[in-house]
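Understanding the architecture of this molecule
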Amino acid sequence: MTPETTRSPESTRPPETARSLETKTKLLDGALRTLTEQGIAKTSARTVAAAAGVNQALVFYHFGSVDELLAAACRYGAERSVSRYRDRFAAVGTLSELLALGREIHEQERVGGQVMLLGQLLAGAQTHATLGPATAAGLDLWIVEIEKVLDRVLAGTPFREFTDPAGLARAVAASFVGIELYEGVDGAGAASALDALEQLGLLVGALEELGPVAQRAVRQYLRRASGKR
């Protein structure tokens, strides 16, 4: 990416009018489209402005630098994506349902170009300091929703006592991120990995259906295995 880091003085920043908000949204959408279609290496004020249909000076006028625009676009894109699925997350009642929803989201995000976008953001985060925290913040939006589901579906099961929903949510998110990136080089392998996660969900679901005596036996076994008494 061309190093364009000139920052506009605060006094020249535009007021937040309807017109300025519209321009900023065009730039955010243009940045996401440019990253997806051309990659991080070809993302510049010129290419983003062309995609947005505005003058490239407006990149600096509204965001101060290309890196700051990309960081804002990362957060904007993540919030837009997560908001489409919040109601679906809220309706999940089992771990199997969560994994099935994850697979559906993965497919829809892949078709929509978000998987390619994530790959470009992760690549850019290695060399652009502002992208790392912004990408992490975007992923955290997904993790928050996953953690809510895990808190809900594991409550009352033998597993809740032995799991950390926050850490498990990050593990699930990291698994899907890895699968998304892996799919670019081995589509069949990525599909197999998703199948394995769903099979794991079925196993957990089967244990959840056990009666109270069997669940008590499972809980006692887990306590022994984990060193808890």
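Throughout what follows, the structure given in this document is the object of discussion. The structure presented is a predicted model; accordingly, all values stated were derived computationally and were not measured. (Residues numbered from 1 in each chain as written. Predicted model: local features only at pLDDT ≥ 70, side-chain atom pairs only at ≥ 80, totals over all residues. Heavy atoms only, no water.)

Turning to the packing of helix H7 (residues 114-124) against helix H9 (residues 165-183), a few remarks are in order. Close contact between H7 and H9 brings their axes to 10 Å; oriented N to C, the two are set at 100 degrees. One element, H7, and the other, H9, form an angle in the roughly perpendicular class. Every residue of H9 that contacts H7 at Val115, Leu118, Gly119 and Leu122 is listed here: Val177, Glu180 and Leu181. Each residue belonging to the contact of H7 with H9 can be placed in one class, and the counts come to five nonpolar, one polar and one charged. (Axes fitted to C-alpha atoms, helices over the stretch in contact; angles between N-to-C directions. Helix = DSSP H or I, 4+ residues; strand = E, 2+ residues; numbered from the N terminus. Parallel < 35°, antiparallel > 145°, perpendicular 65-115°, else oblique. Contact = heavy atoms within 4.5 Å. Nonpolar A, V, L, I, M, F, W, Y, C, P; charged D, E, K, R; others polar.)

In this section: the packing of aromatic side chains. Per the counting criterion, the structure on display carries two aromatic pairs. Note on tyrosine 85 and tryptophan 142: the rings are 5.9 Å apart at their centroids and 40 degrees apart in plane angle, and the pair reads as tilted. Of this pair, tyrosine 85 sits in the loop between helix H4 (66-83) and helix H5 (86-91) while tryptophan 142 sits in helix H8 (residues 131-154), and the two are 57 residues apart along the sequence. Assigned by exposure class, tyrosine 85 and tryptophan 142 land together as buried. Centroid distance phenylalanine 89 to tryptophan 142: 6.4 Å. Interplanar angle 70 degrees. Geometry classified as edge-to-face. Highlighted residues: phenylalanine 89 in helix H5 and tryptophan 142 in helix H8, separated in sequence by 53 residues. Through successive ring pairs, a cluster of aromatic residues spans Tyr85, Phe89 and Trp142. (Phe/Tyr/Trp six-rings, centres within 6.5 Å; stacked < 30°, edge-to-face > 60°. Buried < 20%, exposed > 50% of the residue type's maximum accessible area, 1.4 Å probe, protein only.)

Ranked by internal contacts, the top residues of the largest apolar core, which has 25 residues, are Leu27, Val59, Leu69 and Leu70. Taken together, the elements giving at least two residues each to this core come down to helix H1 (18-38), helix H2 (45-52), helix H3 (57-63), H4, H7 and H8. Residue contributions to this core peak at seven residues, all from H4. Discounting residues that sit within four places of it in the chain, valine 59 has contacts with Leu27, Ala45, Gly64, Ser65, Val66 and Leu69. Core analysis: the second largest hydrophobic core is formed by 24 residues, Phe89, Leu150, Ala169 and Ala190 among them. (Core = buried A, V, L, I, M, F, W, Y, C linked by side-chain atoms within 4.5 Å.)

The next thing to look at is the pattern of salt bridges. Once their charged atoms are close, side chains differing in charge can pair, the charge on each being opposite to the other. In total, this model carries 10 salt bridges according to the counting rule given. We note a salt bridge from aspartate 29 to arginine 80, for which the minimum N-O separation is 2.9 Å. Here the residue aspartate 29 occupies a position in helix H1, and arginine 80 occupies one in helix H4, the gap between them amounting to 51 residues. In this structure arginine 80 comes out as partly exposed when scored by relative accessible area, which is 35%. Residues arginine 84 and glutamate 109 are paired through a salt bridge, measuring 3.2 Å at the closest nitrogen-oxygen approach. Taken together, the residues arginine 84 in the loop between H4 and H5 and glutamate 109 in helix H6 (residues 95-111) connect sequence positions 25 residues apart. (Salt bridge = Lys/Arg side-chain N within 4 Å of Asp/Glu carboxyl O.)

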